[in-house]
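Tertiary structure, described
What follows is the residue order along each chain.
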Amino acid sequence: MPRFAPPSFTGSLALLALCGAAWPAPVAAEEEDKPLSAYYGFGELDILKVEDRSEYLRTGDLNGDGLTDILLSDDSNSRLDLFLQRSRPDAEAAGAEEGADEADVNALPDSARYEHIKLSVDQAIYGLIAEDFTADGRTDILYVGDPDRLILLTAPAGEEPGTSDWTATAELDRTERRLPDLQLATGMLAAGDLTGDDLPDVVVIGERVTYLLPGTAGGMLGPAEEIRNTSDDLSLAQIADLDGDGLADLCYTARVGDDRVLAARLQEPNDGPVENDEPAPNVLGPELRFDLKDPRSVTLGEVFAEEAGVEVLAVTGSTGRLTIRKVRRPKLGETTDGESLSGRKLTQYGFGGRGARDFAVGDLDGDGRADVVISDPDGARVILFRQTAAGGLDLGTAYPSLAGVSQVRIGDADGDGSGDLFVLSKTEEVLGRSVWEDGRLTFPVPVNGVENPVAFTLVNVPGAKRAAAFVVTETGRREFKLSLAGAEGKSIDLDLSTDPDRLEAADVDGNGSPDLVLFPGRGKDLMAFGIGADGTPIALKNEGLGPGETTPGAFFAGALAAAPALDADGEPIGPATDLPTILNARGNLARDLTARAGRTGVEEGSADDESGGGTPVLRWSVRDQFNAAEAAAKIAGAVTLDVDGEPGNEVVLIDTGVDKLRIYKRDGSQFAPAGEIETGDLDYQDAVVADLDGDARDDLLLFGEGRFAVLYAGRIDPELTELANYETDLERTFLADSLVGDLNGDGDPDVALLEVRSHFVEILRPTDEGIDRAVYWKLFEEKNFDGEGGGGLQPREGAIADVTGDGRNDLILLVHDRVLIYPQDDGASGENGDSLSP
């Protein structure tokens, strides 16, 4: 089903006449000795009178008589318009519409082919679907009513079995369901089988979540499931098999910064247990974003028969061309090793909302796989994204928690092999602990001995299989201390003027033992602390060229392969060894830092430097530096991980200035640029490296505003490959939308291209070389005094369906206050409509 997002285009014109020509004008496109136009033709034009505000043109068998009907909404009269197709004898008996003024040459009576039924509604309509949602074999009407109602209309049974009687308006069954915070955008409503049970499901786009209402075997729609959006501006939702695996997928457009991009969630088989001899329903995967920006319209349709599933037809705003593209999955066994890094994509996960959030990564459910937890302080909950056995994270489940949770961490505090979730709430002045129990997270229990916490982290205790909590607490007005939780007296005072931004654990000096890193905020330099044998923090004074004032997202502790030793021929000697590194991002660069623990007043490296005398210090130095010379570069973070599958980690710079990941790979003794990966407008805050899909390779998680994105290092995501494109040679045109269907009865699809400035229709035919124009014609003439059209973007909607009952698809267009129906010719004249099939 096509979706048209109206561009910003205005003008002034007056409609003179709708053209009733039965035949479009041929063009010079040739196929051997006969033009393609010879194979297309349309009969006498049918016209239905509607209103200027009529919209949501839909087709379907609304009354179950085997004939396709037409459905529209009319907000100007607060009603739904049903045009029920009559059988040929009934149409002949009905004759022309009564009351038409035959003396008026401009009178356009409704076609007698359709019975017009008007259904009153009491809310503005923002989405409309005709489908059998009640599993009774009869078509229903589903629409979204302003501002937050999903309304299902079901007609009583007709006189014939399997039919519906929409004339019995008083007996219509009306079911309402409230869905809060709906988007009220173009294409906010879609239907299709997204759970793999052969029943139609419904998708409704909201501001923060997308609602999925599954169809049920007993009829009606099940409870709404929430899919957290990655953007607060989604539109043009459609459901079809994008990747050719036989399962319907969900696609839509998402606003990302200043751009609107095409995004999709592919249906994935559920690996959950079988219950009551019924397999678990399939699930939608995380969001994938494709390199298709700012489309004027997006249509899903089967254009090329040799391609499995549907193609994506889009009129791109930047070029004004029609492009036809295909979502292709990687081949079985295909990996990223040796491939170009620039083709990689980030997988998107939404958690919605604005404001301060925190996240943690760790094995929370004890299955040996890392999970992700996001805090939701306003909702007094946390959102858990569990890693699945199939690889990757699920779409998240919310669990109640403390109000105002500002920090979360995962660690095994009791040594039972499962991670525990620690949450800090400044609102409730509590550090709490939750555990995974009976398939869910328990409500947090306060940790004893911790009062007025403002920051904390978990540290794995050396020699023990458990984690300990270190906490910054406020002991008085602007008085703070850092201590081991629950250990009386094992604390030190802190020189802080306000609550710190974050407390982290990292092996700063590379000695294999964890240290504490405090980010004070308010222009103060990073503070580091060692941990004594008894658990008491030890303040370390910074010396040398260290991180200085920095943020958690700009500071990363990892490992990089050392420059290899070379023999006389310049060949590496032995395997590369990994060295601990601290990466610190600032401005348009990132530095590879090292730090050595020592003491003031003694010679570096001496015995006294290792123990006793002076003040403990960290002596910082710069080992390497990675520069982004581009003027717009803004390096907000830097990490190390193996991106390409070859030995040794790469350096990945997170550049929020140009929305890219810059990848640097070791080349001899230096690192050289190796590729870039698009991130989109992420509002980057922090990053972590962990294996999030169970392939024993670390992946990169980028945490941003309202969503996080994952670069799965060992995976190739589906690509959107261009198959064909078309550029019109007509003048003064603005291509807006496309329709897909067989318009000449040869069994192969055609494309109807709608132009809204000069009001042309072009019929395109797929060929071995791409796609060619067969015919075109102008819908209507107009007055034009300023060189631009101004009667609105017309035609504003269209469809291809058999609405004349002859077994051949017709072209249906919504123009101003008319529905124009171009019946497909049967080709009997021999001049037009000849079959192209063998």
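Scoring rules and cut-offs
Residues numbered from 1 in each chain as written. Predicted model: local features only at pLDDT ≥ 70, side-chain atom pairs only at ≥ 80, totals over all residues. Heavy atoms only, no water. Helix = DSSP H or I, 4+ residues; strand = E, 2+ residues; numbered from the N terminus. Buried < 20%, exposed > 50% of the residue type's maximum accessible area, 1.4 Å probe, protein only. Contact = heavy atoms within 4.5 Å. Areas by Shrake-Rupley, 256 points an atom, 1.4 Å probe, with all protein chains shown as cover. Core = buried A, V, L, I, M, F, W, Y, C linked by side-chain atoms within 4.5 Å. Phe/Tyr/Trp six-rings, centres within 6.5 Å; stacked < 30°, edge-to-face > 60°. Pairing = 2+ DSSP bridges. Patch = residues over 30% accessible without salt bridge, like charges linked within 9 Å, V, L, I, M, F, W, Y side chains within 5 Å. Salt bridge = Lys/Arg side-chain N within 4 Å of Asp/Glu carboxyl O. Lys, Arg positive; Asp, Glu negative; His and termini not counted. Charge placed at Lys NZ, Arg CZ, Asp CG, Glu CD. Axes fitted to C-alpha atoms, helices over the stretch in contact; angles between N-to-C directions.

Turning our attention to the overall build of the protein. Scanning the protein from terminus to terminus reveals 2 helices and 64 strands. For the protein, the residues scored as buried account for 53% of the 838 residues in total. Partitioning the contacts of the protein with sequence separation of at least 6, the portion at a separation of at least 24 is 53%. A total of about 35,700 Å² of accessible surface is found on the protein, and carbon and sulfur atoms cover 45% of it.

With 33 residues, the main nonpolar core has Leu661, Leu700 and Leu702 as its most contacted residues. Residue contacts for leucine 700: discarding those within four places in its chain leaves Val639, Leu641, Val652, Leu661, Ala687, Val688, Val689, Ala709, Val710 and Leu711. If you look at the next biggest cluster of nonpolar residues, it comprises 32 residues, including Phe133, Ala237, Leu250 and Leu395.

What follows covers the packing of aromatic side chains. This structure, assessed with the given rule, holds 14 aromatic pairs. Ring centres of tyrosine 349 and phenylalanine 385 lie 6.3 Å apart, and the angle between their planes is 80 degrees; this geometry places the pair in the edge-to-face category. One end of the pair, tyrosine 349, is in strand β26 (residues 347-350); the other, phenylalanine 385, is in strand β29 (residues 381-385), and 36 residues separate them in sequence. One exposure class covers both tyrosine 349 and phenylalanine 385, and it is buried. Seen from their ring centres, phenylalanine 351 and phenylalanine 708 are 6.5 Å apart, and the 20 degrees between their planes marks the pair as stacked. Pair noted here: phenylalanine 351 is in the loop between β26 and β27 (359-362) and phenylalanine 708 is in strand β55 (residues 707-711), with a separation of 357 residues, a long-range link. The exposure class assigned to phenylalanine 708 is buried, which follows from its relative accessible area of 0%.

Another aspect to go through is the sheet that holds strand β36 (residues 445-446). The 4 strands lie next to each other as β31-β32-β33-β36, forming an open sheet whose pairing is antiparallel. The open sheet is flanked by β31 (405-411) and β36, the only strands paired with a single partner. As judged from the 5 bridges shared by strand β32 (residues 420-425) and strand β33 (residues 430-434), these two strands associate in the antiparallel manner. Within the sheet, the bridge partner assigned to leucine 421 lies in β33 and is serine 434.

With that out of the way, let us pick up the environment of leucine 236. Considering the arrangement of structural elements, one finds leucine 236 in strand β19 (residues 234-240). A relative accessible area of 2% places leucine 236 in the buried class. Taking the C-alpha atoms as reference points, leucine 236 and valine 298, separated by 62 residues in sequence, lie 7.4 Å from one another.

On the surface, a cluster of negative charge is contributed by Glu306, Asp768, Glu769 and Asp772. Tracing the backbone through its elements, the reader meets glutamate 306 in the loop between β23 (295-301) and β24 (311-316).

In this section: the pattern of salt bridges. According to the stated counting rule, one finds 47 salt bridges in the structure shown. A salt bridge links arginine 369 to aspartate 367; its shortest N-O distance comes to 3.1 Å. On the basis of relative accessible area, arginine 369 is assigned to the partly exposed category, the value being 26%. Its relative accessible area of 27% is what places aspartate 367 among the partly exposed residues. One continuous salt-bridge network, built from bridges that share partners, spans Asp122, Asp148, Arg149, Arg174, Glu176 and Arg178.

Here we come to the environment of leucine 754. Note that leucine 754 resides in strand β58 (residues 750-755). On the basis of relative accessibility, which here comes to 1%, the residue leucine 754 falls in the buried class. Between the C-alpha atom of leucine 754 and that of threonine 733, which follows or precedes it by 21 residues, the distance is 9.9 Å. Once residues within four sequence positions are removed from consideration, leucine 754 is found in contact with Phe734, Leu735, Ala736, Asp737, Leu739, Phe760, Val761, Pro795, Glu797, Gly798 and Leu813.

So, about the pairing of strand β49 (residues 635-641). Counting buried positions over the 7 residues of β49 gives 6, a clear majority of the element. Bridge count between β49 and strand β50 (residues 650-655): 6 bridges; the pairing is antiparallel. Bridge pairing in β50 links glycine 637 to isoleucine 654.

Let us look at the sheet that holds strand β9 (residues 79-85). Strand order in the open sheet formed by 4 strands is β7-β8-β9-β10, and the pairing between neighbours is antiparallel. Edge positions in the sheet fall to β7 (54-60) and β10 (114-120), since each of these pairs with one other strand and no more. Taking the axes of each pair of neighbouring strands and ignoring which way they run, one obtains an average angle of 20 degrees across the sheet. As paired strands, strand β8 (residues 69-74) and β9 are joined by 5 bridges and run antiparallel to one another. Bridge pairing in β9 places isoleucine 70 opposite phenylalanine 83.

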